[in-house]
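Fold and contact review
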Amino acid sequence: MIQTTRIVFHGRVQGVGFRWTTHGLARSMPICGYVCNLSDGTVEVVAKATDTTVRSLVNRLKAHFGDGITAIELQAIDPAEDFDDFQIRR
């Protein structure tokens, strides 16, 4: 079942190519949504996909950035908009 998940990554996730890496991975998977930096130093990903696909994205990001990610929050949300691709937002 496709759902929308908000994922917040904590740690050293800004200034290390996190958004571009996320964008590249997501575009290679059946995921729509966006990635953006938040003012508190975290990175937010909103992903419309199956739970399996979302977890695969998270696992691939954890493998790529390793200990740079110190915490990950996942929350199913009711999106305010519909997505038809995956974008980097500023």
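Heads up: the structure comes first, above all this text.
Below is a short write-up of the structure. Just so it is clear, the structure is predicted and the values come from calculations on it, not from any experiment.

**Describing the packing of aromatic side chains**
Going through the model one piece at a time under the given rule, you end up with 3 aromatic pairs. Consider the rings of Phe18 and Phe65, whose centres lie 4.7 Å apart with planes at 35°: the pair is tilted. Pair noted here: Phe18 is in helix H1 (residues 18-27) and Phe65 is in helix H2 (residues 51-65), with a separation of 47 residues, a long-range link. As far as the burial class goes, Phe18 and Phe65 line up, both buried. Aromatic ring contacts, followed pair by pair, group Phe9, Phe18 and Phe65 into a single cluster. The ring of Tyr34 has Arg89 lying over it, and the distance from NZ or CZ to the ring centre is 4.1 Å.

**Quick word on the environment of Ala80**
Inspection of the secondary structure assignment puts Ala80 in the loop between strand S4 (69-77) and strand S5 (86-89). Classification of Ala80 by relative accessible area gives exposed; the value is 87%. For the pair formed by Ala80 and Gln14, sequence separation is 66 residues and the distance between their alpha carbons is 25 Å.

**Comments concerning the side chain of Thr5**
Positionally, Thr5 belongs in strand S1 (residues 2-11). A relative accessible area of 5% means that Thr5 is categorised as buried. Dropping the residues within four chain positions of it, Thr5 is found in contact with Val45, Val46, Ala47, Val54, Leu74, Gln75 and Ala76.

Rules of the game
- Residues numbered from 1 in each chain as written.
- Predicted model: local features only at pLDDT ≥ 70, side-chain atom pairs only at ≥ 80, totals over all residues.
- Heavy atoms only, no water.
- Phe/Tyr/Trp six-rings, centres within 6.5 Å; stacked < 30°, edge-to-face > 60°.
- Helix = DSSP H or I, 4+ residues; strand = E, 2+ residues; numbered from the N terminus.
- Buried < 20%, exposed > 50% of the residue type's maximum accessible area, 1.4 Å probe, protein only.
- Lys NZ or Arg CZ within 6 Å of the ring centre and 35° of its normal.
- Contact = heavy atoms within 4.5 Å.

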